[in-house]
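Geometric and topological summary
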Amino acid sequence: MQLRAMARRAVRSVMTAGATAAWAAMAISPAAAHAAPVTYEIEPGHTYPSFEADHLGGLSVWRGKFNKTAGQIVMDKAAGTGGVDLIVEMDSVDFGHDQMNAVARGPQLFEVDKFPHARFKGNLVDFTDGAPGKVVGELTLHGVTRPLTLEIRQFKCMPHPLFKRELCGADAHATFQRDAFGLDAGKSYGFKMDVTLRIQVEAIAAE
């Protein structure tokens, strides 16, 4: 519940930046005046940020995911505006390898006792036919905040087959340098620092 409350406050803040533009569009277009932002709650059972990182300078690629997330999306498809706030519990990291999970949670990498959460906040942009093309925002990881843009490669909304509320899903992609966030484990051994981030997300319209 605490993660969800944090996400709600942050999305309201993100949406404020686009509010002036949205009101201007409404004043210009009578049709847009009838549109309204919709709040979607991220479904943790269908949302798993995953990542790919180098091992020993090209020897192989390690893959993992995070099993616990929370957050919120606010979107006005007609106006082409929206905000995203996604919070990740870092101790839910899962490489499919218990020993590696333990190392990743400890002082060599994520230091989850000091930095229990990662967070991505951003604005939905580049809408086409009601579908956003990117999320421009900031990633906070390991206590460091840096700009990050997610490319949305797949997006769809539909009625939820059980709850009969709108359900939206997306697949988003980005790359970043992990040493920019103070995560430089293995750098002295020749590990490449680039990380591929993929976020599969589903979110349902709030009641």
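Up top is the structure.
The shown structure was predicted, so the numbers you read here are calculated from the model rather than taken from an experiment. (Residues numbered from 1 in each chain as written. Predicted model: local features only at pLDDT ≥ 70, side-chain atom pairs only at ≥ 80, totals over all residues. Heavy atoms only, no water.)

**Looking at the overall build of the protein**
Check the secondary structure of the protein and you find two helices and eleven strands. Counted from the first residue to the last, the protein has its helices and strands arranged as α-β-β-β-β-β-β-α-β-β-β-β-β. Across the 207 residues of the protein, 41% fall into the buried class. In the protein, the share of contacts with a sequence separation of at least 24, taken over all contacts with a separation of at least 6, comes to 59%. Looking at the protein as shown, the accessible area adds up to about 11200 Å², and 55% of this sits on carbon and sulfur atoms. (Helix = DSSP H or I, 4+ residues; strand = E, 2+ residues; numbered from the N terminus. Buried < 20%, exposed > 50% of the residue type's maximum accessible area, 1.4 Å probe, protein only. Contact = heavy atoms within 4.5 Å. Areas by Shrake-Rupley, 256 points an atom, 1.4 Å probe, with all protein chains shown as cover.)

**Remarks on the pattern of salt bridges**
If you walk through the whole model with that rule in mind, you get eight salt bridges. Put simply, Lys-77 and Glu-166 hold a salt bridge, and the shortest N to O gap is 2.6 Å. Placement of the pair is Lys-77 in the loop between β4 (69–76) and β5 (81–89) and Glu-166 in strand β10 (residues 166–177), with a sequence separation of 89 residues. By relative accessible area, Lys-77 is classed as partly exposed at 29%. For Glu-166, a relative accessible area of 26% corresponds to the partly exposed category. (Salt bridge = Lys/Arg side-chain N within 4 Å of Asp/Glu carboxyl O.)

**Topic: the packing of aromatic side chains**
A complete count under the given rule lists five aromatic pairs for this structure. Measuring from ring centre to ring centre gives 5.5 Å for Phe-51 and Phe-66, while their planes differ by 45°; the resulting arrangement is tilted. Placement of the pair is Phe-51 in strand β2 (residues 48–55) and Phe-66 in strand β3 (residues 60–66), with a sequence separation of 15 residues. Among the residues examined, Phe-66 registers a relative accessible area of 9% and is labelled buried. Judged by centre distance (6.0 Å) and plane angle (80°), the rings of Trp-62 and Phe-95 are edge-to-face. Of this pair, Trp-62 sits in strand β3 while Phe-95 sits in the loop between β6 (93–94) and α2 (98–105); the two residues are 33 residues apart in sequence, bridging distant segments of the chain. In this structure Phe-95 comes out as buried when scored by relative accessible area, which is 14%. (Phe/Tyr/Trp six-rings, centres within 6.5 Å; stacked < 30°, edge-to-face > 60°.)

**A closer look at a nonpolar patch on the surface**
There is a patch of nonpolar side chains on the surface, built from Leu-56, Leu-59 and Tyr-189 and spanning about 370 Å² of accessible area. With respect to the helices and strands, Tyr-189 occurs in the loop between β10 and β11 (194–205). (Patch = residues over 30% accessible without salt bridge, like charges linked within 9 Å, V, L, I, M, F, W, Y side chains within 5 Å.)

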